[in-house]
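Here is how the chains run, residue by residue.
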Amino acid sequence: MLGYECDSYFVFSLGNFSRLAVYFRFERQIGHHLIQTFAPSSLVVMLSWFSFWLGLDAIPGRVTLLVTCMLTLVTMFTGMRADIPPVAYVKALDLWMAGCMLFVFSALGEFVVVKVLDVQYQYQVNKVPKVLPMRISAMEKGQCVGTVANWEGGTVNVRPRKPTQTPTTPGQVSLQGNGGPQPPLPPTKQPTRRQSILSVAWTDTDTGIEKIMWREIDKMSRVVFPGLFLVFVVLYWPILIFKTS
């Protein structure tokens, strides 16, 4: 609390009267809040960034880390509000705690996004066309039956089926059903991933290495989240200091 004395005259309609005027100016010490609120909340936000270095195989540890950080900030915010008298306006501490909780919640949302992208990537990797293996196995079974019948000299009642017309060159002869060499299968066109922003994986044109989107998002988050938090701190403290002064 600071007090100062000044000499001034107050003119009234009935005359001049002597009076005593006292002005009080209250300033809150910020050292207590630096130790009890600002420093611990900053460390909790930094602790949430460790989840970006954990792979998706450590899902329980990653979720536990982020949820614990969020609950810690909520507990700190509740205790802080209990120590400070309630007011009808938004305080600087409220803005700080809201910003810290927003960063931790964003890290939790980033984990949900990369998990969904990983599920889509695994689905595309494990998706195998089933029509081609069924055709190959059927042709192998027919070839084996015809070979065994010709070797033993017996007869096999095979239901005739409509011959398929395959393009042949003058030097190729189709010998299907007689145990002869089969014509070469036409090359199958492998599904290619679309090179778009929404692709879950793509191949780098320079290095030829496959890049997965959820891993790239984790790598970017390791830089983006600390950078945004640094911007938040740089904007918060000058505004707070200059406004109070």
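Residues numbered from 1 in each chain as written. Predicted model: local features only at pLDDT ≥ 70, side-chain atom pairs only at ≥ 80, totals over all residues. Heavy atoms only, no water.

Looking at an unreviewed UniProt entry, the protein chain carries the name Neurotransmitter-gated ion-channel transmembrane domain-containing protein, with the source organism given as Anopheles culicifacies.

## A word on the side chain of aspartate 118
Looking at where aspartate 118 falls in the secondary structure, it is placed in helix α3 (residues 92-126). Although aspartate 118 is buried, it forms no salt bridge, and the closest oppositely charged side chain is lysine 115 at an N-O distance of 4.0 Å. In this structure the side chain of aspartate 118 is engaged in a polar contact, spanning 3.2 Å, whose partner is the side chain of tryptophan 214. Not counting residues within four places of it along the chain, the set of residues in contact with aspartate 118 comprises Leu56 and Trp214. (Helix = DSSP H or I, 4+ residues; strand = E, 2+ residues; numbered from the N terminus. Buried < 20%, exposed > 50% of the residue type's maximum accessible area, 1.4 Å probe, protein only. Lys, Arg positive; Asp, Glu negative; His and termini not counted. Salt bridge = Lys/Arg side-chain N within 4 Å of Asp/Glu carboxyl O. Polar contact = N/O pair within 3.5 Å; in protein donor to acceptor, adjacent residues only side chain to side chain. Contact = heavy atoms within 4.5 Å.)

## Some words on the side chain of serine 51
Tracing the chain through its elements places serine 51 in the loop between α1 (31-48) and α2 (59-83). A polar contact is formed between the side chain of serine 51 and the backbone oxygen of serine 48, at a distance of 2.8 Å. In contact with serine 51, other than residues within four places in its own chain, are Arg62, Leu65 and Leu66.

## Notes on the packing of aromatic side chains
For the structure on display, the rule yields 14 aromatic pairs. Their ring planes at 50° and their centres at 4.9 Å tell us that phenylalanine 52 and phenylalanine 225 sit as a pair that is tilted. One end of the pair, phenylalanine 52, is in the loop between α1 and α2; the other, phenylalanine 225, is in helix α5 (residues 213-244), with 173 residues separating them in the sequence. Residue classification places phenylalanine 52 among the buried positions, given a relative accessible area of 1%. In this structure phenylalanine 225 comes out as buried when scored by relative accessible area, which is 12%. Members of the aromatic cluster, connected to one another through ring pairs, are Phe38, Trp49, Trp96, Phe103, Phe229, Phe232, Tyr236 and Trp237. (Phe/Tyr/Trp six-rings, centres within 6.5 Å; stacked < 30°, edge-to-face > 60°.)

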